[in-house]
Amino acid sequence: MRYDLNLLPVFLALMEERSVTRAAARLGITQPALSNSLNRLRDTLRDPLFIRERYGIKPTQLAEEIAPTIEAALAQLDDLILNQQEFQPANAQRLFTLAPNSYVELVLMPALVARTRELAPGIKLRMTAFGNDLAETGVISGTTAMVLGRIVDPPDNLVVQHLMDDGLACVVSKDHPDVGDHISREQYERLKHVNVLPPGRLRAGLFQALGQHNLKREVAVSVTHFLAVPEMLVVTDYCATLPSLICRSLERDRRLKVLPAPVDLGTFPVQMAWHVRYRHDPAHRWLRSMIGELAKEMTSQAT
């Protein structure tokens, strides 16, 4: 019996998206065309494969059993073909979708855009939201090239790479009435604070660091992005505890001053993750390598 290999990516898209609409969009085909391919698969395997439910589709037991084998087989084919291809950044025309958290978007993405503009002007970058659920970013299904930030409990189909570590420092207004060139533990606990609540695990890391040192903090206002913090500090006598690389960029604002935290709050990791199918893709490898180089440059400049 002959098998149509074109049906296998359809099967995997349905397995990962659990939606005919999303799977068709991911593959760039119409829903009727996808349904036709699914019917051919069902005839070949003599199984429904997917059952409609209220909010999507659910794979049958057979579909669950054969999915790992099909994914591994396609990955091997990808590796074989992609290893024979060359990637020339200067001539490439491609769109990459990235999902950086708010910290990475502010600290690393401008440098990435500048470097890409220099080395590969035909490549376009699209940023999508980084949330608490990795599935929402599209990285688990492979529609997003990579996710950047704090990666917690990744599924087996993601490859995770450590990029760098960053620390924490304090920022106050330059003319703060009570804080000079350093901030003591007593001052820190007496001040009111601006707190950043971005999506993801970065906020949890700060709370844990404060708790380990039994360092108290009275939060007066919470914001959703680091860019909101400077204006809050300028019009108040509040304090903010922010990643060191963000503080380094804020030092250019003459209205603010950056101070070491009253205690060593440790560091937090910054990671990058991508779908296993992109392990050997030359374009993806080039992009990941460039991001890794930029991360090393930033951390070396900070020391």
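Residues numbered from 1 in each chain as written. Predicted model: local features only at pLDDT ≥ 70, side-chain atom pairs only at ≥ 80, totals over all residues. Heavy atoms only, no water.

Just so we agree on the cut-off: UniProt positions are given in the numbering used here, feature names are shortened, and annotations may be inferred rather than shown by experiment.
Named according to an unreviewed UniProt entry, the protein is DNA-binding transcriptional LysR family regulator originating from Rhizobium azibense. The Sequence similarities (unreviewed entry) comment attached to the protein in UniProt states, word for word, "Belongs to the LysR transcriptional regulatory family."

### So, the domain arrangement of the protein
Quick note on the threshold: All domain edges in this entry derive from an automatic or database-based domain assignment. A carboxyl oxygen of Asp or Glu within 4 Å of a side-chain nitrogen of Lys or Arg is what we treat as a salt bridge. A run of DSSP states H or I qualifies as a helix once it reaches four residues; a run of E qualifies as a strand once it reaches two. Both are numbered from the N-terminal end.
On domain assignment, one finds that the protein holds domain 1 (4-81), domain 2 (87-163 + 267-299) and domain 3 (167-265). Distance from the C-alpha centre of domain 1 to the C-alpha centre of domain 2: 26 Å. The tally of links between domain 1 and domain 2 comes to 1 salt bridge. Between glutamate 16 and arginine 277 there is a salt bridge, and its shortest N-O distance comes to 3.3 Å. Looking at the side of domain 1 that touches domain 2, the elements that each hand over two or more residues are α1 (7-17) and α4 (61-82).

### A look at the pattern of salt bridges
As a reminder of what qualifies: We call a residue buried when its accessible area falls under 20% of the maximum for its residue type, exposed when it is over 50%, and partly exposed in between, using a 1.4 Å probe and counting protein chains only.
Under the definition given, this model contains 7 salt bridges. Across the pair arginine 185 and glutamate 189 runs a salt bridge, and its minimum N-O distance is 3.9 Å. Taken together, the residues span about one helical turn, with arginine 185 and glutamate 189 both in helix α8 (residues 185-190) at a distance of 4 residues. A residue is classified by how much of its surface remains accessible, and arginine 185, at 28% relative accessible area, is partly exposed. A salt bridge links arginine 255 to aspartate 253, with the shortest nitrogen-to-oxygen separation between them at 2.9 Å. Note on arginine 255: relative accessible area 37%, which makes it partly exposed.

### A few points about the sheet that holds strand β10 (residues 239-243)
Here is the rule we go by: Strands qualify as paired when DSSP identifies two bridges or more between them. To get an axis, a line is fitted to the C-alpha atoms, and for a helix only the part in contact is used. The angle between two axes follows their N-to-C directions and goes from 0 to 180 degrees.
Strands sit in the order β9-β8-β10-β7-β11 across an open sheet of 5 strands; the sheet is mixed. At either end of the open sheet lies a strand with only one pairing partner, and these are β9 (218-223) and β11 (256-260). Mean inter-strand twist for the sheet, computed between neighbouring axes without regard to direction, equals 35°. Bridge count for strand β8 (residues 192-196) against β9 is 5 bridges, and the pairing is parallel. In the strand pairing of β9, histidine 193 is matched with valine 219.

### Brief notes about the environment of arginine 254
With respect to the helices, strands and loops of the structure, arginine 254 is situated in the loop between α11 (244-250) and β11. Overall, arginine 254 belongs to the exposed group, its relative accessible area being 74%. Each C-alpha atom, one on arginine 254 and one on lysine 174, is 7.3 Å from the other, the two residues being 80 residues apart in sequence.

### Topic: the nonpolar core
For the record, the criterion: We call a set of buried residues a nonpolar core when its members are Ala, Val, Leu, Ile, Met, Phe, Trp, Tyr or Cys and they connect through side-chain atoms within 4.5 Å of each other.
Leu98, Tyr103, Leu148, Leu163, Leu242, Leu287 and Ile291 are the most contacted members of the largest nonpolar core, which totals 61 residues. Take this core: its biggest share by element is 8 residues, from helix α12 (residues 282-302). Built from parts of two domains, this core gets at least three residues from each of domain 2 (87-163 + 267-299) and domain 3 (167-265). The next biggest cluster of nonpolar side chains, apart from the first, holds 21 residues, and it includes Ala13, Ala24, Leu49 and Ala63.

### Overview of the packing of aromatic side chains
Selection criterion: In summary, the pairing rule links any two rings of Phe, Tyr or Trp, Trp by its six-membered ring, whose centres are within 6.5 Å, and it sorts them by plane angle into stacked for under 30 degrees, edge-to-face for over 60 and tilted for everything else.
On inspection of all chains with the given rule, the structure shows 2 aromatic pairs. With centroids separated by 5.7 Å and ring planes inclined at 50°, the aromatic side chains of phenylalanine 11 and phenylalanine 50 adopt a geometry described as tilted. Here phenylalanine 11 is found in helix α1, whereas its partner phenylalanine 50 is found in strand β1 (residues 50-53), with 39 residues between them in sequence. Look at phenylalanine 11 and you get buried, because its relative accessible area is 1%. Taking relative accessible area as the criterion, phenylalanine 50 reaches 3% and is therefore assigned buried. Measuring from centroid to centroid gives 5.4 Å for tyrosine 103 and phenylalanine 268, while their planes differ by 80°, and the two rings are edge-to-face. Highlighted residues: tyrosine 103 in helix α5 (residues 102-107) and phenylalanine 268 in strand β12 (residues 268-275), separated in sequence by 165 residues. Each member of the pair, tyrosine 103 as well as phenylalanine 268, is classed as buried.

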